[in-house]
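Now for the letters of each chain:
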Amino acid sequence: MIFFVVIVILIGLWYYDLLSRYARLWKNIGMPKPLENVPLSVSILIPFRNEELSLPTLLDSLNALNIHNHSVEVVFIDDKSADGGVDIIENTIIKLSYSIISNKKKSGKKAAIQLGWGVASGDIILQTDADCMFNSEWLAKMVEPFQDEGINLVSGPVSYGESKGFWENLLALDFAALIAIGAAHIEWKLPMICNGANMAYRKSITSRAELNTSKASGDDVFLLQSAQQLDSNGIVFNKSYEAIVSTSGPDSFMEFWNQRLRWASKNGDYDIKKNTYILKALWVYNVTILVSLITFSAVGCTAALYLVLLKVLAEDKLYSSFSSFFGIETWFKTLLLGQPFHILYMAIVPPLSQILKYQWKERKLS
């Protein structure tokens, strides 16, 4: 019993310390310093599959881009769409030079991206998704760090669009936390996650990139790891408001479930073992809360209450550090009421992601 109490106290303090570290690391990330506007050649890579409803908004964003003195092309990669997405692109006046290529042989986003690498002519590849929108300075802000020749990869901020109601607010808050934690890990020199909806990298690193095609997910993470192996100092997070890309959150619980299974499926594939240990410890933390509760004992329930209390305090500290950047004004009520849901999915999803198949873009994957 004493051993259990000691373990609970220690993991509670560890969790609070970890999220406090994330908050400090996020605050330590400075806004990118304006550098001399050196012309760069940039290829915007956009894989898409059955995105005819999203493409008009994306194309409007592309047409509004201020490219300054950069040389820019857009490469659309059709990943075996079964809708009218290609026709929408071809029938829209696009101000930038563009091409559409088809991913005919292999299926999946990784294959589509690798196909895009083969035809991209730019020295810098700026990658986003077809269901995204961005402001007119997005491209300029995302490629600005590459004026430093030591930078190989830039991870950009992504946020969900306007959210309405408790469910959408909860998902938007949780997603913003993932982006902030990914940024903190880059600042920590332990890069773990980034988001393929907003990332830029030198084309030169793609020749040695290992995307781990045995996994359907993780093109962004595995490319991040390849850049880490090259030089951990060559990776930065772009903490600029103008670099934010906006996308839509999951429309339903099933879409959320499949998304998180997809993301968690690569948890055991991180090159940096410390990141794997952190993820395992986070899983243990949430499982301990559940196990303590179902003992229905005074000690167990007290332990669970202690861990939940520290969880709320730690997350309050972290969320208060990044909420204004993502335009999230009211979040504590969502954080508090969302604890049961958050604890459950953090405990259940990681192990299930290693054994269950998931549905994504009308494909059943594993």
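Residues numbered from 1 in each chain as written. Predicted model: local features only at pLDDT ≥ 70, side-chain atom pairs only at ≥ 80, totals over all residues. Heavy atoms only, no water.

Q: Explain the overall build of the protein to me, please; I cannot follow it from the model alone.
A: A count of helices and strands for the protein gives 12 helices and 12 strands. A compact globule built from 366 residues should have a C-alpha radius of gyration of about 21 Å, and the protein, at 21 Å, falls within 12% of that. Counting only C-alpha atoms and orienting by the principal axes, one finds that the protein spans roughly 65 × 45 × 40 Å. The burial tally for the protein puts 53% of its 366 residues in the buried class. Counted over contacts in the protein with a minimum sequence separation of 6, partners at least 24 positions apart contribute 82%. Carbon together with sulfur atoms contributes 58% to the accessible area of the protein, which is approximately 16700 Å² in total. In the protein, the 33 positive side-chain charges and the 35 negative ones have mean positions that sit 8 Å from each other. (Helix = DSSP H or I, 4+ residues; strand = E, 2+ residues; numbered from the N terminus. Rg over C-alpha atoms; globule rule 2.2 N^0.38 Å. Buried < 20%, exposed > 50% of the residue type's maximum accessible area, 1.4 Å probe, protein only. Contact = heavy atoms within 4.5 Å. Areas by Shrake-Rupley, 256 points an atom, 1.4 Å probe, with all protein chains shown as cover. Lys, Arg positive; Asp, Glu negative; His and termini not counted. Charge placed at Lys NZ, Arg CZ, Asp CG, Glu CD.)

Q: Can you help me understand the pattern of salt bridges in this one?
A: For side chains of opposite charge, pairing can occur when their charged atoms come near one another. In this structure the tally under the stated criterion is 4 salt bridges. Notably, a salt bridge pairs Glu242 with Lys141, separated by 3.7 Å at the nearest N-O pair. Placement of the pair is Glu242 in the loop between β9 (235-237) and β10 (245-247) and Lys141 in helix α5 (residues 138-143), with a sequence separation of 101 residues. Classification of Glu242 as partly exposed rests on a relative accessible area of 34%. With a shortest N-O distance of 2.7 Å, Asp174 and Arg260 are connected by a salt bridge. Taken together, the residues Asp174 in helix α6 (residues 165-187) and Arg260 in helix α8 (residues 253-264) connect sequence positions 86 residues apart. Each member of the pair, Asp174 as well as Arg260, is classed as buried. (Salt bridge = Lys/Arg side-chain N within 4 Å of Asp/Glu carboxyl O.)

Q: So what exactly am I meant to see when it comes to the packing of helix α1 (residues 2-28) against helix α10 (residues 298-322) here?
A: The description of two packed helices rests on the angle between their axes and on the distance between the axes. Viewed as axis vectors pointing N to C, α1 and α10 meet at an angle of 5 degrees, and their least axial separation amounts to 8 Å. Relative to α10, the element α1 is oriented roughly parallel. (Axes fitted to C-alpha atoms, helices over the stretch in contact; angles between N-to-C directions. Parallel < 35°, antiparallel > 145°, perpendicular 65-115°, else oblique.)

Q: Hey, could you run me through the sheet that holds strand β8 (residues 199-202) in this one?
A: Adjacent strands of a sheet form backbone hydrogen bonds with each other and so pair up, either parallel or antiparallel. Reading across from one edge, β3-β2-β1-β4-β8-β6-β9 is the order of the 7 strands in this open sheet, with mixed pairing throughout. Edge positions in the sheet fall to β3 (97-102) and β9, since each has one partner strand and no second. Here the average twist between neighbouring strands, direction ignored, is 20 degrees. Summarising the sheet, strand β1 (residues 41-48) and strand β2 (residues 71-78) pair through 8 bridges and their orientation is parallel. Its bridge partner being in β2, Pro47 is matched across the sheet by Ile77. (Pairing = 2+ DSSP bridges.)

Q: Mind showing me how you'd approach the pairing of β8 here?
A: Two faces belong to every sheet, and in a regular strand the side chains alternate between them. Residues Met199 and Tyr201 of β8 are buried on one face, and the alternating residues Ala200 and Arg202, pointing to the opposite face, are buried as well. Strand direction decides the pairing type here: strand β4 (residues 124-127) and β8, joined by 4 bridges, are antiparallel. Bridge pairing in β8 links Ile125 to Tyr201.

Q: I tried to follow the environment of Pro56 on my own but got confused; where do I start?
A: Along the chain, Pro56 turns up in helix α2 (residues 55-63). Distance in space between the C-alpha atoms of Pro56 and Gly85 is 9.3 Å, their sequence separation being 29 residues.

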